[in-house]
Amino acid sequence: MLVLTRKSEEAIKLGDSITITVVEIKGNQVRLGIDAPPDIRIYRNELYEKTRSENIHAAALSIEAFKKIKERLK
Amino acid sequence: MVQFETSRFGVLEVEEERIINFPDGLLGFPDIRRYVLMDYKDTPLKWLQAVDDPDLAFIVTEPAVLFPDYKVRLDPATRQYLKLEKDEDLAVLMIIRVEGEQVIANLQGPLFLNAGSMLGAQIVVDKLL
């Protein structure tokens, strides 16, 4: 992992089209501004990981599971 | 017509126009981009079957079926990503699973589909749900 130190108002560029700016530092919180093209999706990492993990659990369901859920919805 | 194998339903054949394209795939499955939605007359549950991976399929349904008050906003970047021109072309689906006796919905990661462009995306809701 590349680790850089930045001060408030300084920025980092990822490739040619993504810029991350340190907007404000307050106590133990950093506010980051992200400038990126619309096809680059931006997520809080823990929410991304939660969604991904849910997907992986949900991906292997069988036809029996479908029937079970169908029953529960009635 | 596109023909493809599935492990649950055997060989399927569907019109090209029915294939939904997720340019970034779904989280955890970024390389599988083409899916077909299979619905049924007697239940709001559907299968979202991958075209390019026979084993990969998700059980999905509209959020209102389980959560009548579930609302997600479509942000401008996603609107542009999906090439959405008419709001009525937008469909939202949730992936669900069952764990023991409990039905669990992936509220954190709804699927947004544009019926006009046949593009889809999984959105990560930006607050913990």
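Residues numbered from 1 in each chain as written. Chains lettered and ligands numbered in written order. Predicted model: local features only at pLDDT ≥ 70, side-chain atom pairs only at ≥ 80, totals over all residues. Heavy atoms only, no water.

Quick look at the overall build of chain A
For step 1, the next point in the chain: Along its length, chain A carries two helices and three strands.
For step 2, the next point in the chain: Along chain A, helices (α) and strands (β) appear in the sequence β-β-β-α-α when read from the amino end.
For step 3, the next point in the chain: Relative to a compact globule of 74 residues, whose C-alpha radius of gyration would be 11 Å, chain A shows 20 Å and is clearly more extended.
For step 4, the next point in the chain: Projecting the C-alpha coordinates of chain A onto the three principal axes gives extents of approximately 55 × 30 × 25 Å.
For step 5, the next point in the chain: Across the 74 residues in chain A, those meeting the buried criterion constitute 20%.
For step 6, the next point in the chain: Long-range contacts, defined as pairs at least 24 residues apart, comprise 0% of the intrachain contacts of chain A with a sequence gap of at least 6.
For step 7, the next point in the chain: Element-wise, carbon and sulfur atoms account for 52% of the exposed surface of chain A, whose accessible area totals about 5,700 Å².
For step 8, the next point in the chain: Each charge sign in chain A was given a centre, from 14 positive and 11 negative side chains, and these centres are 8 Å apart. (Helix = DSSP H or I, 4+ residues; strand = E, 2+ residues; numbered from the N terminus. Rg over C-alpha atoms; globule rule 2.2 N^0.38 Å. Buried < 20%, exposed > 50% of the residue type's maximum accessible area, 1.4 Å probe, protein only. Contact = heavy atoms within 4.5 Å. Areas by Shrake-Rupley, 256 points an atom, 1.4 Å probe, with all protein chains shown as cover. Lys, Arg positive; Asp, Glu negative; His and termini not counted. Charge placed at Lys NZ, Arg CZ, Asp CG, Glu CD.)

Considerations on the sheet that holds strand S1 (residues 11-14) of chain A
All names here are of chain A.
For step 1, the next point in the chain: The antiparallel open sheet is built from three strands, whose spatial order is S1-S2-S3. Edge positions in the sheet fall to S1 and strand S3 (29-35), since each of these pairs with one other strand and no more. When strand polarity is set aside, the average angle formed by the axes of neighbouring strands in this sheet is 25°.
For step 2, the next point in the chain: One ladder, built from four bridges, connects S1 with strand S2 (residues 18-26); its direction is antiparallel. Bridge assignment links lysine 13 to a residue of S2, and that residue is threonine 19. (Pairing = 2+ DSSP bridges. Axes fitted to C-alpha atoms, helices over the stretch in contact; angles between N-to-C directions.)

Things to note about the confidence of the model for chain B
Residues and elements named next belong to chain B.
For step 1, the next point in the chain: Mean pLDDT over chain B stands at 94; residues scoring 70 or higher make up 100%.
For step 2, the next point in the chain: No element of chain B has a lower mean pLDDT than helix H2 (residues 76-81), which averages 89, and none a higher one than strand S3 (residues 19-21), which averages 98.
For step 3, the next point in the chain: What the predictor reports for the complex is a pTM of 0.89 with an ipTM of 0.91. (pLDDT = per-residue confidence, 0-100.)

A few points about the interface of chain B and chain A
For step 1, the next point in the chain: Contact residues are listed per partner, giving 44 residues for chain B and 27 residues for chain A.
For step 2, the next point in the chain: With both chains or domains summed, chain B and chain A bury close to 3,100 Å², and 64% of this area falls on carbon and sulfur atoms.
For step 3, the next point in the chain: Our enumeration of links across chain B and chain A arrives at six salt bridges.
For step 4, the next point in the chain: Among the ionic pairs, aspartate 24 of chain B bridges to arginine 41 of chain A, the shortest N-O distance being 3.3 Å.
For step 5, the next point in the chain: Counting across the chain B and chain A interface gives 13 residue pairs in polar contact (both at pLDDT 80 or more).
For step 6, the next point in the chain: Taken together, the elements giving at least two residues each to the side of chain B that touches chain A come down to strand S5 (43-50), strand S6 (57-61), helix H1 (63-66), H2, strand S7 (90-99), strand S8 (102-105) and strand S10 (119-122) of chain B.
For step 7, the next point in the chain: Looking at which element gives the most residues to the side of chain B that touches chain A, the answer is S5 of chain B, with five residues.
For step 8, the next point in the chain: The class makeup of the residues in the side of chain B that touches chain A is 27 nonpolar, eight polar and nine charged. (Buried area = accessible area lost by both parts, 1.4 Å probe. Salt bridge = Lys/Arg side-chain N within 4 Å of Asp/Glu carboxyl O. Polar contact = N/O pair within 3.5 Å; in protein donor to acceptor, adjacent residues only side chain to side chain. Nonpolar A, V, L, I, M, F, W, Y, C, P; charged D, E, K, R; others polar.)

Description of the layout of surface pockets
For step 1, the next point in the chain: By volume, the largest pocket amounts to about 1,000 Å³.
For step 2, the next point in the chain: What lines the largest pocket is a set of 29 residues, among which Ile42, Tyr43 and Arg44 of chain A together with Val124 and Asp126 of chain B lie closest to the centre.
For step 3, the next point in the chain: Here the lining of the largest pocket gets four residues from one element, more than from any other, and that element is S3 of chain A.
For step 4, the next point in the chain: Taken as a whole, the second largest pocket spans an internal volume of roughly 250 Å³.
For step 5, the next point in the chain: Surrounding the second largest pocket, Met1, Leu2, Val3, Leu4, Arg6, Ile12, Leu14, Ile20, Val22, Ile25, Val30 and Leu32 of chain A form its lining.
For step 6, the next point in the chain: Breaking the lining of the second largest pocket down by element, the ones donating at least two residues are S1, S2 and S3 of chain A.
For step 7, the next point in the chain: The class makeup of the residues in the lining of the second largest pocket is eleven nonpolar, no polar and one charged. (1 Å grid on protein atoms, 1.4 Å probe; cavity = no way out; pocket = protein on both sides within 12 Å on 5 of 7 lines; lining within 4 Å. Points joined across faces, edges and corners; volume = space filled by probe spheres on them.)

Overview of helix H1 (residues 45-58) of chain A
For step 1, the next point in the chain: Between its first and last C-alpha, H1 of chain A extends 20 Å over 14 residues, near the 20 Å set by a 1.5 Å rise per residue.
For step 2, the next point in the chain: Along H1 of chain A, the residues that are buried comprise Leu47, Thr51, Glu54, Asn55 and Ala58 of chain A. Along the axis of H1 of chain A, the buried positions cluster into a sector of 100°, meaning they face one direction only. Facing away from the buried surface of H1 of chain A by more than 90 degrees, the exposed residues are Asn45 and Glu46 of chain A.
For step 3, the next point in the chain: The inward-facing, buried residues of H1 of chain A abut S6, S7, S8 and S10 of chain B. (Expected span 1.5 Å × (residues − 1). Arc of directions from axis to C-beta.)

Some details on the side chain of threonine 19 of chain A
Residues and elements named next belong to chain A.
For step 1, the next point in the chain: As for its position among the elements, threonine 19 is in strand S2.
For step 2, the next point in the chain: On the basis of relative accessibility, which here comes to 18%, the residue threonine 19 falls in the buried class.
For step 3, the next point in the chain: Each residue touching threonine 19, except ones within four places of it in the same chain, is listed here: Ala11, Ile12, Lys13, Gly33, Ile34 and Asp35.

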